[in-house]
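# Breakdown of the fold
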There are 2 protein chains.
Amino acid sequence: MEKGYCPIDTFINFVKGKRKATIILHLKQGTKRYKELIQLLPDISDRMLSKNLKELEEAGIINRKAYAVIPPKVEYSLTDLGDEISPILKSMFKGGRLFEKQIEE
Amino acid sequence: MEKGYCPIDTFINFVKGKRKATIILHLKQGTKRYKELIQLLPDISDRMLSKNLKELEEAGIINRKAYAVIPPKVEYSLTDLGDEISPILKSMFKGGRLFEKQIEE
DNA sequence: CTGGATCCGCCACGATACTG
DNA sequence: CAGTATCGTGGCGGATCCAG
């Protein structure tokens, strides 16, 4: 992941893609299928969801489990690493609300 | 800041710009001048630093204090809001190290 | 149902040069 | 010293079509 940057930048690079963080929080609620995620994220395209899921998988944040059945069935869930970082996302969630609040003023 | 997204995305949008987060952490250490920041962030361009500083100022995260002297002197410091979110950045810092660790393996 | 492949527009970012 | 102006570039993200 690039050069000897600040770890914060590393973190952001893993999480910034479109709605990656939001995906993680949804998976924190439990295992989800592809279609369920699409419905939970109404403003994301197929292409972006699959791309983000693949990147999250490569980053070791989520597990991908495909069943060899017809029609296809794929389940996504958090890895241990995903569990470790989810509290950080939670605090970012709270932090984001601080900003939203001040925008209204 | 776009639509009714998840607050996490709001947070990321405020902080993602190249090395904005790193700037905040440096200012957490105390008031800094423009030139000091440039030296602390060796891989950032003038244009990016001034742009990020301006955005952070508009976001209410930092204060900009210019002195009408020659040569010019400008000091940057964190606002209360900047103080509030800095612990979140700290935890992102720790989270980033988790990723870096696993990259090596 | 779960994606991959392709094309394309837009914006963040980089490098350089210039100003009060 | 502390920026702004300008130009060029790469990659993110959207839309659409196709495949197993």
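Residues numbered from 1 in each chain as written. Chains lettered and ligands numbered in written order. Predicted model: local features only at pLDDT ≥ 70, side-chain atom pairs only at ≥ 80, totals over all residues. Heavy atoms only, no water.

Within an unreviewed UniProt entry, the label attached to chain A reads Transcriptional regulator, and the organism entered is Ancylomarina euxinus.

Moving on, we get to the sheet that holds strand S1 (residues 32–33) of chain B. All names here are of chain B. Taken together, three strands build an open sheet; the order of strands is S1-S3-S2 and the sheet is antiparallel. For this open sheet the edge positions go to S1 and strand S2 (62–67), each flanked by a neighbour on one side alone. Note: S2 against strand S3 (residues 73–78), six bridges, orientation antiparallel. What sits directly across from Arg-64, in S3, is Tyr-76. (Pairing = 2+ DSSP bridges. Helix = DSSP H or I, 4+ residues; strand = E, 2+ residues; numbered from the N terminus.)

This brings us to the interface of chain B and chain A. In this complex, chain B contributes 37 residues to the contact, which on the side of chain A involves 37 residues. When chain B packs against chain A, close to 3300 Å² is buried across both sides, 72% of that on carbon and sulfur atoms. Among the residues of chain B in contact with chain A, Ile-8, Met-92 and Phe-99 of chain B are the three that bury the most area, contributing 20% of the side total. If you look at where chain B meets chain A, you find two salt bridges. With its nearest N and O atoms 3.4 Å apart, the salt bridge here joins Arg-19 of chain A to Asp-9 of chain B. Going through the elements one at a time, helix H1 (7–15), helix H2 (20–28) and helix H5 (80–104) of chain B are the ones with two or more residues in the side of chain B that touches chain A. Examining the composition of the side of chain B that touches chain A, we find that 16 residues originate from one element, H5 of chain B, more than from any other. Residue composition of the side of chain B that touches chain A, by class: 21 nonpolar, seven polar and nine charged. (Contact = heavy atoms within 4.5 Å. Buried area = accessible area lost by both parts, 1.4 Å probe. Salt bridge = Lys/Arg side-chain N within 4 Å of Asp/Glu carboxyl O. Nonpolar A, V, L, I, M, F, W, Y, C, P; charged D, E, K, R; others polar.)

Let us now look at the protein's contact with DNA strand C. Inspection of the region around DNA strand C gives 17 residues, with Arg-64 and Tyr-76 of chain A together with Lys-18, Arg-47 and Met-48 of chain B positioned closest. In DNA strand C, atoms within 4 Å of the protein come from the sugar-phosphate backbone in 72% of cases. Between DNA strand C and the protein, one listed contact pairs a phosphate oxygen with a side-chain N or O atom of Lys-35 of chain A at 2.9 Å. The separation between a phosphate oxygen of DNA strand C and a polar side-chain atom of Lys-54 of chain A is 3.2 Å. Within the residue set of the surface near DNA strand C, elements represented by two or more residues are helix H3 (34–40), helix H4 (46–58) and strand S3 (73–78) of chain A together with helix H4 (46–58) of chain B. Of all the elements, H4 of chain A adds the most residues to the surface near DNA strand C, at four residues. Across the surface near DNA strand C, the residue classes break down as seven nonpolar, two polar and eight charged. (Near = heavy atom within 4 Å. Polar contact = N/O pair within 3.5 Å; in protein donor to acceptor, adjacent residues only side chain to side chain.)

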